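# Structure assessment
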Amino acid sequence: MSRGGSDDVRGARHPDTLAVGYGYDPQDAFGAVKPPIVLTSTFAYPSAAAAKQAHRDYFDGTAPGREAGFIYARLDHPGLALLEKRFAALDGAEEAAAFASGMAAISAVLLGHLKPGDSVLHTRPLYGGTHGLLHGPLAGLGITAIAIGDGVDEASVAQAVETASGHGPVGLIFVETPANPTNGIADIALIARAADALAARQGGRRPVVVVDNTFLGSLLQAPLDHGADLSMTSLTKYAGGHSDLIGGAVSGSAALIGPLRRLRTLLGTHLDPFTSWLALRSLETFPLRNARANANAAVVAAFLRDHARVASVSYLGFLAAGTPARAVFDRQCTGAGSTFSFRIRGGESEAFAMLDRLQVFRMAVSLGGTESLICHSATTTHYSVPPDIRAQVGVDDATLRISVGIEHPDDLVADLASALDAIP
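Residues numbered from 1 in each chain as written. Predicted model: local features only at pLDDT ≥ 70, side-chain atom pairs only at ≥ 80, totals over all residues. Heavy atoms only, no water.

## Here we look at helix H13 (residues 348–355)
Along H13, the residues that are buried comprise Ala351, Met354 and Leu355. With its buried residues spanning 100 degrees around the axis, H13 presents them on a single face. Those residues of H13 that are buried are in contact with strand S9 (339–344), strand S10 (362–363), strand S11 (373–376), strand S12 (399–403) and helix H15 (409–421). (Buried < 20%, exposed > 50% of the residue type's maximum accessible area, 1.4 Å probe, protein only. Helix = DSSP H or I, 4+ residues; strand = E, 2+ residues; numbered from the N terminus. Arc of directions from axis to C-beta. Contact = heavy atoms within 4.5 Å.)

## A look at helix H2 (residues 48–60)
The first and last C-alpha atoms of H2 sit 18 Å apart over 13 residues, in line with the 18 Å expected at 1.5 Å per residue. What H2 keeps buried is the set Ala50, Ala51, Ala54 and Tyr58. All buried residues of H2 project into a common sector of 105 degrees when viewed along the axis, lining one side. Opposite its buried face, H2 presents the exposed residues Ala48, Ala49, Lys52 and Asp60, each directed more than 90 degrees away. The secondary structure elements touched by the buried residues of H2 are helix H9 (254–267). (Expected span 1.5 Å × (residues − 1).)

## A short note on the packing of helix H7 (residues 154–165) against helix H8 (residues 188–201)
Remark: H7 packs on H8, axes separated minimally by 11 Å, with the N-to-C direction vectors making an angle of 35 degrees. Read as a crossing pair, H7 and H8 show a hand that is right-handed. Touching Glu154, Val157, Val161, Glu162 and Ser165 of H7 are Leu190, Ile191, Ala194, Leu198 and Arg201, all from H8. Of the residues contributing to the contact of H7 with H8, the split by class is six nonpolar, one polar and three charged. (Axes fitted to C-alpha atoms, helices over the stretch in contact; angles between N-to-C directions. Left-handed = near helix turned anticlockwise from the far one by under 90°. Nonpolar A, V, L, I, M, F, W, Y, C, P; charged D, E, K, R; others polar.)

## Digging into the pairing of S9
Of all the six residues making up S9, five are buried; the element is thus mostly covered by neighbouring parts of the structure. Pairing analysis gives three bridges linking strand S8 (residues 310–313) to S9, with the strands arranged antiparallel. Bridge pairing links Val310 to Ile344 in S9. Strand direction decides the pairing type here: S9 and S12, joined by five bridges, are antiparallel. Residue pairing for S12: Phe342 is matched across the bridge by Leu400. (Pairing = 2+ DSSP bridges.)

Structure follows, in structure tokens:
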């Protein structure tokens, strides 16, 4: 199971086909139709010369686990290699690197491209973990994080660039689009152009443009097609899809992914063999689950929009025609996804009353699973974000994030209707 990137297969085959079997030859595993779990921590060399070649390929080359074979599971292993090849194909990338969690992937990207004295631009709002990393440990290393006020407005992006440049060279631009939990849109192509302009001002050093694609995933948004250098996603969410694994992945060029794999080895944040196998299993039904959840979400969002106790709904399908955000959505995305937020009329007490009445929806963090989930963002996923920043980006006590699963839509609507009626 050698590596080799996507081989431009995304245009030749449909994602449904790539997700099921791309990159795997049954003859590599005794004819087994499904790839096996290779549970070993280390790999035997056929000769001393082969051992030397394997280490040379890993430490001197751009990627581990090539023709010379595998060395040690923390560096690479067969299940990881296959998962990365298949995920790269789905993302339309040369290569991909899988990590032990989405935050492990984000940490590797930020640590790999930022150094003390740099600044980093980011859209807002950010997932709470990303915000905490940027404004906590990385700030302690002398790296300054500057927010872009409006990711679809050229003047707002330009203003953020000027502010960040005053704090040091911009080493990286982190784009979360759609944003968690507000579904705020950022224009990847616009931000990529800003990175190109910065390269001329910074002596040729171009900021790496990274897109967190977790909310839509590989099937509904292709950041690399719009100018991003790296596309990151939490495998835990839609790709895993069963709420039974933790993982993250980054895709991009071989030149950018190779160093991330080597950094992963030093950090010890590789994806283990069993979880790699679980992720491969899950990818096979990714398109089916995604289609059902997206259809359900459209029904649920329409119900919430028309309910008297709901003040607003951030579903992407409701973006107003003629607005900059709608124009970017139409150009950049192929679907509205199945995770969004809505605001009830009231505050925390009313939100809690509703949540405690739900029976079909599970009250839990995370998203993208077969089951429908809901949470109160201000007191869960974004609790660590300072209240003033939450207020600025629209995550208040009335905000509820919903991830619609694959249950029957009538049951989901009935459950929400009953819970909304419980609001005093």
